[in-house]
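Survey of secondary and tertiary structure
Okay, here's what each chain looks like letter by letter:
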Amino acid sequence: MLSPLCLAAAPVIMLQAAAPAAQDAELAVTAEQLIGETGSPGASVMVARGGDIRIGTAGVRARGSEAAIAPDDLWHIGSDTKAMTATLVARLAERGVVSWDDTVAEHLGNRVEEVHPAYRDMTFRHLLSHRAGLDANPGMLALVGFATNDAPLGEQRLDYAANMLAREPAAQAETEFLYSNAGYVIAGAMLEQVTGESWEDLIRAEVFEPLGMTSAGFGAPGSADTVDQPRGHRAGLFGGLNLVVPGPRADNPPVMGPAGTVHASMSDIARFLTAHLEQPEDYLSADSWALLHTPPFGGEYAMGWGVGEGGRLQHAGSNTMWFVVVAVDPVAGEVRAVGVNDGRIDRVAGPVRDALQGLAD
């Protein structure tokens, strides 16, 4: 186990970025059009290039409210968190705290009662590229149990890992891609066992703080008593759209943190994406940046990123109450993000992705 003092010694390299822009009129039009297409309460659109962050917003923070979405509001980014967890692993690997080839058996074999033989040799490379053969999630009953669990998160993540690692594989490791939140939660549990620190503390120290992401946090943003931040919305039982007040029901269980519980402002999302665009070597080496952006077993998924033509990186995130798509475009030399506070994926995913593509065009 590594002492907290060893972790605290990590260098803090602040990436400089311009202050958040005022409402960008052109991007605000895109956000307004997106609301018209989806019926979502609010939308935010971001484009950043060379430290210049442009943000356009439209709509309201909560259905039935008059509180307008603001450029510096916070957005729950769901599975876009995965690239942050992979970046955390890269930071710790560069210092020798972990290795990309560390296995499940090495770090969890003595903490989890039963590990199926197929998973014992799965590494961070397998887990973070969705090539470990793990099912996506432990199932609704288990998630409900985690949602009401008040045990320390480290213990919960070991229980989550035990649940998933005792199962038969759902896919063939390495050769088959199976998108799995579980792989990221297990990777987070491995990091916690090595360091003695929570994933939340590690991601703050190695990602949020060095990159100047001062707004970043976990779970649904804002307070339950006042509409001070956008609120998530989900489909009602009989149609329509219901807002979800910040609290335990406004996000996935905290145990799923490494797979998708981060929220941040669009400006701070831009700072994270810009790091992956500019690849500063005082934050990570060129080899580490390349590893994060290269699918390790073929296909089109690297470490928390879908990889497209020209090395373009993209990911979508949702906790069923928000939907945010992010992109890193080295060809255009810019990063982009589009989000709505609406989790009706079948309704919003197409228009949000079209809006993101429209920014590139």
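Computed from a predicted model, the values in this text were never measured in an experiment.

1. Remarks on the side chain of His233
Considering the arrangement of structural elements, one finds His233 in strand β5 (residues 232-235). In this structure the side chain of His233 is engaged in a polar contact, spanning 2.9 Å, whose partner is the backbone oxygen of Arg231.

2. A word on unusual backbone geometry
Unusually for a residue other than glycine, Glu174 sits at a positive phi of about 70°. Secondary-structure assignment places Glu174 in the loop between α7 (153-165) and α8 (181-195). Residue Glu174 is classed as partly exposed on the basis of its relative accessible area of 35%.

3. Focus: the pattern of salt bridges
Any two side chains of opposite charge can pair, given that their charged atoms come close. Considering all chains together, one arrives at 16 salt bridges under this definition. Glu26 is paired through a salt bridge with Arg54; the nearest N and O atoms lie 3.4 Å apart. Separated by 28 residues along the polypeptide, Glu26 in helix α2 (residues 25-38) and Arg54 in strand β2 (residues 52-59) bring together distant segments of the chain. Its relative accessible area of 58% is what places Glu26 among the exposed residues.

4. With respect to the sheet that holds strand β4 (residues 217-218)
Pairing in this open sheet of 3 strands is antiparallel, and the strands run β3-β7-β4 from one edge to the other. On the outer flanks of this sheet lie β3 (74-76) and β4, each paired with one strand and no other. Its contacts with the sheet put helix α11 (residues 266-278) on β3 and β7 (262-265), and the angle it makes with β7 is roughly 105°.

5. Let's talk about the sheet that holds strand β11 (residues 334-340)
Strand-to-strand pairing in sheets goes through backbone hydrogen bonds, with the strands running parallel or antiparallel. Strand order in the open sheet formed by 6 strands is β2-β1-β11-β10-β9-β8, with antiparallel pairing between adjacent strands. Each edge of the open sheet carries a strand with a single partner, namely β2 and β8 (306-307). Pairing analysis gives 7 bridges linking strand β10 (residues 323-329) to β11, with the strands arranged antiparallel. Following the sheet pairing, Val325 is matched in β11 by Val338. In the packing of α11 onto the sheet, the strands contacted are β1 (42-49), β2, β10 and β11, and the crossing angle to β11 comes to about 145°.

Conventions used here
Residues numbered from 1 in each chain as written. Predicted model: local features only at pLDDT ≥ 70, side-chain atom pairs only at ≥ 80, totals over all residues. Heavy atoms only, no water. Helix = DSSP H or I, 4+ residues; strand = E, 2+ residues; numbered from the N terminus. Polar contact = N/O pair within 3.5 Å; in protein donor to acceptor, adjacent residues only side chain to side chain. Buried < 20%, exposed > 50% of the residue type's maximum accessible area, 1.4 Å probe, protein only. Salt bridge = Lys/Arg side-chain N within 4 Å of Asp/Glu carboxyl O. Pairing = 2+ DSSP bridges. Contact = heavy atoms within 4.5 Å. Axes fitted to C-alpha atoms, helices over the stretch in contact; angles between N-to-C directions.

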